[in-house]
Every structure is written in structure tokens, then in C-alpha cells.
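Residues per chain are reported as follows:
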Amino acid sequence: MVYDKEKLSAFSSAVKRETDSKIEQLKREVEEYEKAELEKVREDQYNRMFTYMQDQVQIIKSKYRQSITKFELESKRNLFVYRNQLTEQVFEQVQKRLLDFTKTADYQDFLLKQIQAAMKEFPCQTGVILLSKEDMALTNQIKTAISNVTTVEADSKNHLGGFTIVNREQGLVADKTFQTALEEEKQQFYKTCGLRINF
């Protein structure tokens, strides 16, 4: 009986040791599992936070780019308006001087010489001269100075001076009005004055 008790006690101790060992092993496995799961959760949270931060950075960058683009466009628009105002002021002064010039005796000589030169270059033998209403007083002088002019007519569109030669049969026009010359000068002015604005 004593032998059986010892055997039983040894068996009981062995089972207890085995059980304790299994419990310790299970505890370690649970701890490792918990650790791994916590690490996964941490990493997942970190990735979510990183993605959120990246999204926020992109939103901020986009807003910043939009603000800069808006500012640049507004600045260019203001510059464009200012440039046009300056140009208009310059050409208003030129227009005023041209109008002052048309009231001088020098203008009459200038106009006759310009018409003579233009008629020599005009590809037709005859043409109608179109003048501003104010310059119609020079009709007789023009007809006397230039033999191949058949008609001198008022041009309602010409307010600055100069003239236009027209041959309606051939469909040819030589526009030598101050208004056309001024428009051409304005375009050239934009190209060469350094006031070009790139968009």
C-alpha cells in the first residue's frame, strides 16, 4: 500500500508538473499572441494615422496651390488692366496730338503729299479718296493736285484724319487713315515696349 501511495504521489507530482508546464506554455503562447495582436493593432493604427496625415497634407497642399494660382491670376489680371490703362493714356495723348496736327497748315501739305505718294503706289489708275468730314474742304486741292482721282467722298468712320483710297470695281483699298496707323502702332507698342504679359 505504501508503494502504491508513493506511486500515486509520484504520478500526481508528474501530472502536476506536466500540468504546470502546460499552463506555463499556454500562458507564454497567450502572452505572445496578445503581444502579436497588440503589435498588429498598433501598426494598423499607425498606418491609419499616417494615411490620414498624408491625406491632410495633400489637402493643405492643394489649398495652398489653389491660393497661389488664384493670387497669380489676380495679380496678372491687375497688371493687365494697369498695362492697358497706361497704354490707353499714351495713345489718347497721341490721338490728341494728331487731332491738333489736323488743324494746322502743315497737315494740309502733309495730306496732299501722302495722297500723291499713295496714288503712285496704288495698283489702279483711278480711285475714290475717302476723307474725314473735316478734310472735305480740301477736295478741290486734291482734285487739282492728283489727276487720276475721280471722286472725293466723306468717310463717316474717319474721325482722326488721313485718307483711304478705294477702287470699288477692282475691290482694292489702301487705308492710310490715322486711326488705322494708330491701331497698328498700338499693336507694335505691345510687342516692343516690354509690357507683354504672359498667361
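This text goes with the structure placed above it.
Here we summarise the structure given alongside this text. (Residues numbered from 1 in each chain as written. Predicted model: local features only at pLDDT ≥ 70, side-chain atom pairs only at ≥ 80, totals over all residues. Heavy atoms only, no water.)

1. Some points on the pattern of salt bridges
Reasoning step 1: Scanning the model with the defined rule gives seven salt bridges in all.
Reasoning step 2: Between D100 and K96 there is a salt bridge whose closest N-O contact spans 3.7 Å. Separated by four residues within a single helix, D100 and K96 lie in helix α1 (residues 2-101), roughly one turn from each other.
Reasoning step 3: Residue classification places D100 among the partly exposed residues on the basis of a relative accessible area of 40%.
Reasoning step 4: When the shortest N-O distance is used, the salt bridge between E153 and R168 registers 3.2 Å. On the criterion of sequence distance, the pair formed by E153 in strand β2 (residues 149-154) and R168 in the loop between β3 (162-167) and β4 (172-177) is long-range, its members being 15 residues apart. (Salt bridge = Lys/Arg side-chain N within 4 Å of Asp/Glu carboxyl O. Helix = DSSP H or I, 4+ residues; strand = E, 2+ residues; numbered from the N terminus. Buried < 20%, exposed > 50% of the residue type's maximum accessible area, 1.4 Å probe, protein only.)

2. Describing the packing of aromatic side chains
Reasoning step 1: A complete count under the given rule lists six aromatic pairs for this structure.
Reasoning step 2: Seen from their ring centres, F91 and F189 are 5.5 Å apart, and the 80° between their planes marks the pair as edge-to-face. You can see F91 sitting in helix α1 and its partner F189 sitting in helix α4 (residues 178-192), a full 98 residues away along the chain.
Reasoning step 3: Judged by its relative accessible area of 8%, F91 falls in the buried class.
Reasoning step 4: Relative accessible area serves as the criterion here: at 25%, F189 is assigned to the partly exposed category.
Reasoning step 5: Here the aromatic cluster, defined as three or more aromatic residues joined through ring pairs, consists of F101, Y107, F110 and F178. (Phe/Tyr/Trp six-rings, centres within 6.5 Å; stacked < 30°, edge-to-face > 60°.)

3. A word on helix α2 (residues 105-121)
Reasoning step 1: Taking 1.5 Å of rise per residue, 17 residues should cover 24 Å, and α2 covers 25 Å from first to last C-alpha, within 8% of that figure.
Reasoning step 2: Listing the buried residues of α2 in full gives Y107, L111, L112, I115, A118 and M119. Within α2, the buried residues cover an arc of 135° as seen down the axis, which keeps them to one side. Exposed positions of α2 whose direction lies more than 90 degrees from the buried face are A105, D106, K113, K120 and E121. (Expected span 1.5 Å × (residues − 1). Arc of directions from axis to C-beta.)

Read these as spatial facts, not as claims about activity.
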